[in-house]
Amino acid sequence: MTTSNTGTGDADPAVREELDRLRDSIDNIDAAVVHMLAERFKCTQQVGRLKAVHQLPPADPAREARQIARLRTLAENAKLDPAFAEKFLNFIIAEVIRHHERIAVDTVNDQAPEAN
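Just so we're clear, the structure is a prediction, and the values are computed from it rather than from any experiment.

> Would you mind going over the overall build of the protein with me for this structure?
A tally of regular secondary structure across the protein gives 3 helices and 0 strands. Moving toward the C terminus, one meets the helices and strands of the protein in the order α-α-α. By the burial criterion, 19% of the 116 residues in the protein qualify as buried. When the accessible surface of the protein is split by element, carbon and sulfur atoms take 58% of a total near 9,000 Å².

> How should I be thinking about the packing of aromatic side chains in this particular structure?
Between two aromatic rings, the relevant description is the distance of the centres plus the angle of the planes. Per the counting criterion, the structure on display carries 1 aromatic pair. Judged by centre distance (6.3 Å) and plane angle (15°), the ring pair of Phe-84 and Phe-88 falls under stacked. Separated by 4 residues within a single helix, Phe-84 and Phe-88 lie in helix H3 (residues 82-111), roughly one turn from each other. Classification of Phe-84 by relative accessible area gives partly exposed; the value is 46%.

> So what exactly am I meant to see when it comes to the packing of helix H1 (residues 13-53) against H3 here?
Describing two packed helices takes the angle between their axes plus the distance from one axis to the other. The contact between H1 and H3 brings their axes to 9 Å, and the two run at 40°. Compared by their axis directions, H1 and H3 come out oblique. Handedness of the H1/H3 crossing: right-handed. Facing H1, whose interface residues are Leu-37, Arg-40, Phe-41, Thr-44, Gln-45, Val-47, Gly-48, Arg-49, Lys-51, Ala-52 and Val-53, H3 presents Phe-88, Leu-89, Ile-92, Glu-95, Val-96, His-99, His-100, Arg-102, Ile-103, Ala-104 and Thr-107. Of the residues in the contact of H1 with H3, the class split is 11 nonpolar, 6 polar and 5 charged.

> Where do I start with the environment of Gln-111 in this structure?
One can find Gln-111 in helix H3. In the structure, Gln-111 is positioned 58 residues away from Val-53 in sequence and 9.7 Å away in space, judged by C-alpha atoms.

What counts, and where the lines are drawn
Residues numbered from 1 in each chain as written. Predicted model: local features only at pLDDT ≥ 70, side-chain atom pairs only at ≥ 80, totals over all residues. Heavy atoms only, no water. Helix = DSSP H or I, 4+ residues; strand = E, 2+ residues; numbered from the N terminus. Buried < 20%, exposed > 50% of the residue type's maximum accessible area, 1.4 Å probe, protein only. Areas by Shrake-Rupley, 256 points an atom, 1.4 Å probe, with all protein chains shown as cover. Phe/Tyr/Trp six-rings, centres within 6.5 Å; stacked < 30°, edge-to-face > 60°. Axes fitted to C-alpha atoms, helices over the stretch in contact; angles between N-to-C directions. Parallel < 35°, antiparallel > 145°, perpendicular 65-115°, else oblique. Left-handed = near helix turned anticlockwise from the far one by under 90°. Contact = heavy atoms within 4.5 Å. Nonpolar A, V, L, I, M, F, W, Y, C, P; charged D, E, K, R; others polar.

Laid out in structure tokens, this is it:
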């Protein structure tokens, strides 16, 4: 079976069907990843509010290091590149810290005495 490098329109119908099946699976996985990330961020928002109320720092480097090590091990066991998994988690951690910083500022502003 031969396929064109310019697209899949002229691919063998069996190849096209397999490609469509695989892409449907990818689309489903992408949707699940988005929903899981949304749930994760709901939890981290709660952590951010708790930290802000108790005046804890937005970042927790020791926890982050443990999470990175844990995720690298999970990635290795899943046959996923651990460096990629670490980059992905670092991206998420940076976003979480940004949210926690914003929550802390909002919490301080909400608790500030009203100006006369």
